[in-house]
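# Descriptive analysis of the structure
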Amino acid sequence: MAEQPQAIYLKDYQVPAYLIDETELHFSLGEDHTEVRSVLKMRRNPESTASSAALELHGHESLELCRLAIDGRELGAGDYRREDETLGIDQVPEAFTLECLTRIRPRDNTALEGLYLSDGMYCTQCEAEGFRRITFYLDRPDVMSVFTTTVEADAARYPVLLSNGNPVARGSDEDKGRHWVTWQDPFPKPAYLFALVAGDLAHIERPYSTASGREVMLRIYAERKDLDKLDHAMDSLVKAMRWDEEVYGREYDLDIYMIVAVDFFNMGAMENKGLNIFNTSCVLASPETTTDGAFQRVEGVVAHEYFHNWSGNRVTCRDWFQLSLKEGFTVFRDAEFSADMNSRTVKRVEDVTLLRTAQFAEDAGPMAHPVRPASFIEISNFYTLTVYEKGAEVVRMIHTLLGPELFRKGSDLYFERHDGQAVTTDDFVRAMEEVSGRDLTQFRRWYDQAGTPRLEVSDDYDADSGRYRLHLAQSCPATPGQEQKLPFHIPVTLGLLGPDGRDLILDNGDTSCVLELTDSSQTFTFEGIAARPVPSLLRGFSAPVKLQYPLDRQTLVFLMSHDSDGFNRWDAGQRLAIDVIGELMAQHNAGEPMRLDAALTDAFAAVLDDESLDPAMVAKVLTLPSEAYLSELADCIDVDAIHAARQFAKKALAQALAERFERRYRALAPQQAYAPDAAQVARRSLRNLCLSYLVALETPEYLALAQAQYDSADNMTDRQSALSLIAHSGATDAAAAVLDDFYRRYADQTLVVNQWLSVQAGDPRPGALDRVKELMQHEAFDLRNPNKVRSLISVFCNLNAVNFHAADGSGYDFLAERIIDMNRRNPQMASRLLTPLTRWRKYDAARQALMQSQLRRILDSGELSKDVYEVVSKSLA
Ligand code: PHE
Ligand code: ZN
């Protein structure tokens, strides 16, 4: 590579030298080329200390500059400097109008950043730095401007023309067959929130009146064929709007709120002001084509993007190091929303599972970074689990420390004080400090220090004095660039269970209290305790740490059945299963026959028999920890032993409890027409889990049961779980037949076909890689479509460990090839595909060598995007 990309640093932040008060854009859309005219009202930033009068605009190398003028005077080639990523003008006045005419080529845009075509419609993606692929601009979030946008296009092919804000004028040129619409967005915004859509779109709409009585029109746009799949998103939007009024006192502020579904999208969805653009996978839903999990995902993502209107748009980020300011807070907000709409404990279990599996792994790998990173080469690489999920945990800890009332006061102060501003995570914490009178100086380390803290706990009890003591110690492993860590401020929510399993009443008069660990080790004393208690630590997962408190299996079973905290009851079951599976792995590796501890069987039986429990929670408790989580817990990942032991445990549990599984399976049969409501979702989740155990027995009888469910299902949840059970079973003919049938039924439903790809990519049996390669040639596959790449390639590399990590290195070779190819088409996708290779240090020496050599091969493959270069070079460092 000619020049290696350079990192940029938070410490180098400087306010912009110029501001853009008004932005006027005119798009003349054409597939081959689109012309963008911009008129920018600019002035020198009074807060800037820069001494020169030079202006430097961002502009991607793909921009073709056709005309540039200042205050009406056209500039010649000698009047400006065009570099790869910038356009510099040496002398500009204090205040001036900059006009620019730029040509871009949406059809050639495979990176899906800036303006591109998705299935024949134009759309944009500007976060984080995509606007500079549209025109020359100050493309940074602290430059906020009022936008007026005219979109002009062929009237027949692009009848719908959208941009941010409200439509204020429209017209047409009948002779040329073109028409135009002008949109005005009164709220100043950074360029990353700009959006434009043009296409032949259908929509549904619904009026909404806000708490204060303003009338708003809600519209959701999609291709006509998907018009019947928009109602759930609309219901979710209305719920989210109501919830934000009630819980945060936040109302919507424009006259229209639009969502557009597009098929080609790098991420889940984007919160552009008044014009959200969504990946179809996060907005379309119908019972026939969408699983329960996907229904809930739509609800959560619609809410997430809506909540950004305040946490992100009205108050935005000063710079991209502050990304978690909007993302961490908004994920916290959407998680609380989903908890209120569905089951709070189930939602918490799901979020913690994701955090502990994937974020902890990120924190332990070469890309580990703080919630507020100190540097980056490519910001797109920092839309991570750390910034989003751990960022949300940090906000949750503030909520825990302050309590709900003060937290709400803090968020009110934050929104009021910073409305219309671009601010920092520090500003957020300061608002929380001011309303509570608390000093969160030490707490801020959660934003600055990477890595997952370890929380070690021991205890002692003295019967004579009735004194119980808990000793808490914390430490945090080194991460790249951070050898030593200072102690964190860790809220540990705690309960004490008496011998009868009931919560003791603690000094605060309650059954739970929050211990605040701030030193590297501290002892907490409880007096007047009549018998040795069992501590229930970190209730609700009150801090994103690794808890080390060894408990014997008997105590885990005790907690599983008695802990008043639902999350910890589930967690005790997980710990028990992890312990038992660990024992099986040891037996497997010693060449001994594996034998499952009856403690696990008995505990599962008790949970299965208790019909008073929420079926959704029962399903969670009975779900064995995933291979990915077992891998995260291991020092050196033994792919095959993990798979063998987990499969064995599943089958042994099925053998021991077959009758119970079958009884509950039958008892949970659907009683009503399908609805994706919490009660039905709960029943289906447990019923399908029971079926998965039964099919693990591989008997013709239970395979037939799965086949019957597949054939008679009236919804995608039941059909798809039966499909994957049969497809992954040893019954080769049945597997081929059911996959065939599924494809024929749904060939015209892109998102369903993607599930079909995933089921095959996730097949743990031998031969999966060949199948994946074949599927890449299938008509249903398209390398340009990120959803398809994720469904097939990412699923194989991330969720099919035994095949991806095949000892011959074939999986690694395959992935490296895909990345080298994808690097040219779509750098963001290429970079995200790299994740499994970055984890090479966790494997045995032979696999380490194979993985490293593929990383080197990628590094040496030629012109790497910044995205890929950053991840590969950091992985090899
Ligand atoms: N800001 C979007 C969200 O949270 C995510 C996103 C980032 C989408 C970058 C596109 C590009 O919801
Ligand atoms: Zn977001």
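Residues numbered from 1 in each chain as written. Chains lettered and ligands numbered in written order. Predicted model: local features only at pLDDT ≥ 70, side-chain atom pairs only at ≥ 80, totals over all residues.

Here the focus is the site of ligand 1. Residues in close proximity to ligand 1 include Gln 125, Glu 127, Met 267, Ala 269, Met 270, Glu 271, His 304, Glu 305, Glu 327 and Tyr 383, which together make up its full environment. When contributions to the shell around ligand 1 are tallied by element, the ones reaching two or more residues are strand S20 (269-270) and helix H2 (292-307). Within the shell around ligand 1, the residues separate by chemical class into 4 nonpolar, 2 polar and 4 charged. (Near = placed C-beta within 6 Å. Helix = DSSP H or I, 4+ residues; strand = E, 2+ residues; numbered from the N terminus. Nonpolar A, V, L, I, M, F, W, Y, C, P; charged D, E, K, R; others polar.)

Quick look at the packing of helix H18 (residues 732-746) against helix H19 (residues 750-761) now. At their nearest, the axes of H18 and H19 sit 9 Å apart, and the two run at 165 degrees to each other. Looking at the two axes, H18 sits roughly antiparallel to H19. For the element pair H18 and H19, the recorded crossing hand is left-handed. Contacts from Leu 739, Phe 742, Tyr 743 and Tyr 746 in H18 reach Val 752, Val 753, Trp 756 and Gln 760 in H19. Broken down by class, the residue content of the contact of H18 with H19 amounts to 7 nonpolar, 1 polar and no charged. (Axes fitted to C-alpha atoms, helices over the stretch in contact; angles between N-to-C directions. Parallel < 35°, antiparallel > 145°, perpendicular 65-115°, else oblique. Left-handed = near helix turned anticlockwise from the far one by under 90°. Contact = placed C-beta atoms within 7 Å.)

Moving on, we come to helix H17 (residues 716-727). Note that an α-helix has 3.6 residues per turn; residues three or four places apart therefore point the same way. Between its first and last C-alpha, H17 extends 16 Å over 12 residues, near the 16 Å set by a 1.5 Å rise per residue. In terms of burial, H17 is a largely internal element, 12 of the 12 residues being buried. Of all the positions in H17, only Met 716, Thr 717, Asp 718, Arg 719, Gln 720, Ser 721, Ala 722, Leu 723, Ser 724, Leu 725, Ile 726 and Ala 727 are classed as buried. Where H17 is buried, its residues touch H2, helix H15 (678-696), helix H16 (700-712), H18 and H19. (Expected span 1.5 Å × (residues − 1). Buried ≥ 20, exposed ≤ 12 C-beta atoms within 10 Å, placed from the backbone.)

To continue, consider helix H27 (residues 866-876). Taken as a whole, H27 has its buried residues at Asp 867, Val 868, Tyr 869, Glu 870, Val 871, Val 872 and Ser 875. Lining the buried residues of H27 we find helix H23 (810-825), helix H24 (827-833), helix H25 (835-838) and helix H26 (845-859).

Okay, the domain arrangement of the chain next. Domain boundaries in the chain define domain 1 (8-307) and domain 2 (549-697). Put simply, the middle of domain 1 and the middle of domain 2, counted by C-alpha atoms, are 46 Å apart. (Domains from an automatic or database assignment.)

This paragraph deals with the UniProt feature "domain: Peptidase M1 membrane alanine aminopeptidase" (unreviewed entry) in the chain. As recorded in UniProt, the feature "domain: Peptidase M1 membrane alanine aminopeptidase" (unreviewed entry) lies at residues 233-446. Helix makes up 55% of residues 233-446 and strand 9%. Its end C-alpha atoms lie 34 Å apart. (UniProt positions renumbered as here; feature names shortened; annotations may be inferred.)

Taking strand neighbours across the sheet as the criterion, the 8 strands line up as S6-S5-S9-S3-S2-S12-S15-S14 in an open arrangement whose pairing is mixed. Each edge of the open sheet carries a strand with a single partner, namely strand S6 (73-74) and strand S14 (166-173). The pairing of strand S5 (residues 64-70) with S6 spans 2 bridges and is classified as antiparallel. Along S6, the bridge assignment pairs Ala 69 with Glu 74. (Pairing = 2+ DSSP bridges.)

Another aspect to go through is the packing of H26 against H27. Axis separation between H26 and H27 bottoms out at 10 Å; the angle between their running directions is 140 degrees. Between H26 and H27, the crossing angle belongs to the class labelled oblique. For the element pair H26 and H27, the recorded crossing hand is left-handed. Only Val 868, Val 872, Ser 873, Ser 875 and Leu 876 of H27 make contact with H26, whose side of the interface consists of Gln 852, Leu 855, Arg 856, Ile 858 and Leu 859.

This part covers unusual backbone geometry. Backbone torsion omega between Glu 127 and Ala 128 reads -5 degrees, so that peptide bond is classified as cis. By the secondary structure assignment, Ala 128 is in the loop between strand S11 (121-125) and strand S12 (145-154). The phi angle at Leu 112 is positive, at roughly 60 degrees, despite the residue not being glycine. Mapped onto the fold, Leu 112 is located in the loop between strand S9 (95-104) and strand S10 (114-118). Positive phi, normally seen in glycine, also occurs at Leu 538, with a value near 60 degrees. With respect to the secondary-structure elements, Leu 538 resides in the loop between strand S30 (534-537) and strand S31 (546-548).

Backbone-to-backbone hydrogen bonds pair the strands of a sheet. The strands run either parallel or antiparallel. The strand order S10-S11-S16-S13 describes an open sheet built from 4 strands, whose pairing is antiparallel. One side of each edge strand has no neighbouring strand; the edge strands of this open sheet are S10 and strand S13 (160-163). Direction aside, the axes of adjacent strands within the sheet are offset by 20 degrees on average. Across 4 bridges, the pairing between S13 and strand S16 (residues 196-199) is antiparallel. Across the sheet, Ser 163 pairs through a bridge with Leu 196, a residue of S16.

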